[in-house]
Amino acid sequence: MDGRSFDELCRIAEYYDFLEVQPLGNNEYMLREHLVDSIEKIQEFNRTVIRLGEALNKPVVATGDVHFQDPEDSVYRQPGAPLLPHHRGYAGPVQLPAA
């Protein structure tokens, strides 16, 4: 939460229709990259998101970080896929040919 106050986090969260928490494993990269010093810090992040939802009367959804239902759709999550985000080490989108 980058040292932001709860009030500032509320102002940011007001923009969203709902808030999301994911399994702890999804954020373990923060431990590996030394962004946090313990799994408890990640748990505290999730508790803060829940508190934000309560304060702003917004639903908080606990997700499984699922990106596809059918195995053949996994191709869209491979590095170089057109819709893949640039964060967390992914290669990012490729240039599509002009239609």
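Residues numbered from 1 in each chain as written. Predicted model: local features only at pLDDT ≥ 70, side-chain atom pairs only at ≥ 80, totals over all residues. Heavy atoms only, no water.

Remarks on the packing of aromatic side chains
To describe a pair of aromatic rings, you give the distance between the ring centres and the angle between the ring planes. Enumeration according to the criterion identifies 1 aromatic pair in this entry. Plain terms: the ring middles of Tyr 15 and Tyr 16 are 5.1 Å apart, the flat faces sit at 90° to each other, and that makes the pair edge-to-face. A relative accessible area of 42% places Tyr 16 in the partly exposed class. (Phe/Tyr/Trp six-rings, centres within 6.5 Å; stacked < 30°, edge-to-face > 60°. Buried < 20%, exposed > 50% of the residue type's maximum accessible area, 1.4 Å probe, protein only.)

Topic: the environment of Ala 13
Mapped onto the elements, Ala 13 comes out in helix α1 (residues 6-13). With a relative accessible area of 4%, Ala 13 lands in the buried category. Placed 45 residues apart in sequence, Ala 13 and Lys 58 show a C-alpha to C-alpha distance of 9.1 Å. (Helix = DSSP H or I, 4+ residues; strand = E, 2+ residues; numbered from the N terminus.)

Describing the confidence of the model for the chain
Across the chain, the average pLDDT comes to 82, with 80% of residues at or above 70. At the level of individual helices and strands, the chain shows its lowest average pLDDT in helix α2 (residues 29-32), which scores 90, and its highest in helix α3 (residues 39-56), which scores 96. (pLDDT = per-residue confidence, 0-100.)

Remarks on the pattern of salt bridges
Per the counting criterion, the structure on display carries 2 salt bridges. The partner of Arg 47 in a salt bridge is Glu 44, with the nearest N and O atoms 3.1 Å apart. One end of the pair is Arg 47 and the other is Glu 44, both in helix α3 and 3 residues apart, which spans about a single turn. Judged by its relative accessible area of 43%, Arg 47 is partly exposed. Residue classification places Glu 44 among the partly exposed positions, given a relative accessible area of 31%. (Salt bridge = Lys/Arg side-chain N within 4 Å of Asp/Glu carboxyl O.)

What about the side chain of Asn 46?
By the element assignment, Asn 46 lies in helix α3. Under the relative-accessibility criterion, Asn 46 is labelled buried at 16%. The contacts of Asn 46, once residues within four sequence positions are left out, are Val 21, Gln 22 and Leu 24. (Contact = heavy atoms within 4.5 Å.)

Digging into α1
For an α-helix, 3.6 residues make a turn, and residues three or four places apart therefore share a direction. Among the residues making up α1, those that are buried are Leu 9, Cys 10 and Ala 13. Down the axis of α1, the sector holding all buried residues measures 105°, keeping them to one side. Opposite the buried face of α1, at more than 90 degrees from it, the exposed residues are Asp 7 and Arg 11. At its buried positions, α1 is contacted by β1 (19-21) and α3. (Arc of directions from axis to C-beta.)

Thoughts on α3
In a regular helix each residue adds 1.5 Å, so 18 residues correspond to 26 Å; α3 covers 26 Å between its end C-alpha atoms and thus fits that length. Along α3, the residues that are buried comprise Ile 42, Phe 45, Asn 46, Thr 48, Val 49, Leu 52, Gly 53 and Leu 56. In an axial view of α3, the angular spread of the buried residues amounts to 155°, which keeps them on one side of the axis. Downstream of α3 by a residue or two, Asn 57 has a phi angle that is positive, lying close to 55°. (Expected span 1.5 Å × (residues − 1).)

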